[in-house]
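# Notes for the structure review
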Amino acid sequence: HRLYFFTGSDAAWNVFDLVIAVPSLTQIVIAWPELVKPGPERLTSLRVVRVLRLTRLLRGFKVFGAVSQLRLLMKCLIGSLPAMFWSFVMLTFTTFLFSMMIL
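A brief report on the enclosed structure follows. What you see is a predicted model; the values in this text were computed from it and never measured.

Conventions and cut-offs
Residues numbered from 1 in each chain as written. Predicted model: local features only at pLDDT ≥ 70, side-chain atom pairs only at ≥ 80, totals over all residues. Heavy atoms only, no water. Helix = DSSP H or I, 4+ residues; strand = E, 2+ residues; numbered from the N terminus. Buried < 20%, exposed > 50% of the residue type's maximum accessible area, 1.4 Å probe, protein only. Contact = heavy atoms within 4.5 Å. Phe/Tyr/Trp six-rings, centres within 6.5 Å; stacked < 30°, edge-to-face > 60°. Expected span 1.5 Å × (residues − 1). Patch = residues over 30% accessible without salt bridge, like charges linked within 9 Å, V, L, I, M, F, W, Y side chains within 5 Å. Areas by Shrake-Rupley, 256 points an atom, 1.4 Å probe, with all protein chains shown as cover. Salt bridge = Lys/Arg side-chain N within 4 Å of Asp/Glu carboxyl O. Polar contact = N/O pair within 3.5 Å; in protein donor to acceptor, adjacent residues only side chain to side chain.

## Some remarks on the overall build of the chain
Counting its secondary structure elements, the chain contains 6 helices and 0 strands. Helices and strands in the chain line up, N terminus first, as α-α-α-α-α-α. Taking all 103 residues of the chain together, 11% fall into the buried category. Restricting to contacts in the chain with at least 6 residues of sequence separation, those with at least 24 account for 47%.

As structure tokens, then:
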């Protein structure tokens, strides 16, 4: 029962949650003494805290792993970004040409 966290059917997600939670706790432990003291040293330590907060972005990947249709939708959306960019360029160019003709 004690190792079920690491051996159960959701072991991969549990380990992933652990990997997400440990940096968050580390962030709190590191930030607390630095936030209390005044001065310019506080700013450099806050930069480290900001970098550690980026690890929270990994939580969003859990949603994509759990919902396959959402993952497929995101892949399609990301795959269509180059076409959308060139469509925007063409639309901007066409608008520019017509505005030059009118003026």
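## Side note on the packing of aromatic side chains
Following the criterion strictly, the structure yields 1 aromatic pair and no others. With centroids separated by 5.0 Å and ring planes inclined at 70°, the aromatic side chains of F85 and W86 adopt a geometry described as edge-to-face. Accessibility expressed as a relative area gives 54% for W86, which makes it exposed.

## So, helix 5 (residues 68–79)
For helix 5, with 12 residues, the first-to-last C-alpha span of 16 Å sits near the 16 Å given by 1.5 Å per residue. Burial runs low along helix 5: only 0 of the 12 residues are buried.

## Description of a nonpolar patch on the surface
On the surface, a nonpolar cluster with roughly 590 Å² of combined accessible area is contributed by L3, F5, F6, V15, L18, V19 and V22. Of all the elements, helix 2 (residues 11–36) adds the most residues to the nonpolar patch, at 4 residues. The residue F5 is located in helix 1 (residues 4–7) in this model. Note on F5: relative accessible area 34%, which makes it partly exposed.

## Considerations on the environment of T92
By secondary structure assignment, the location of T92 is in helix 6 (residues 81–102). In this structure T92 comes out as partly exposed when scored by relative accessible area, which is 40%. Within the structure, T92 has its side chain in polar contact with the backbone oxygen of F88 (distance 2.8 Å).

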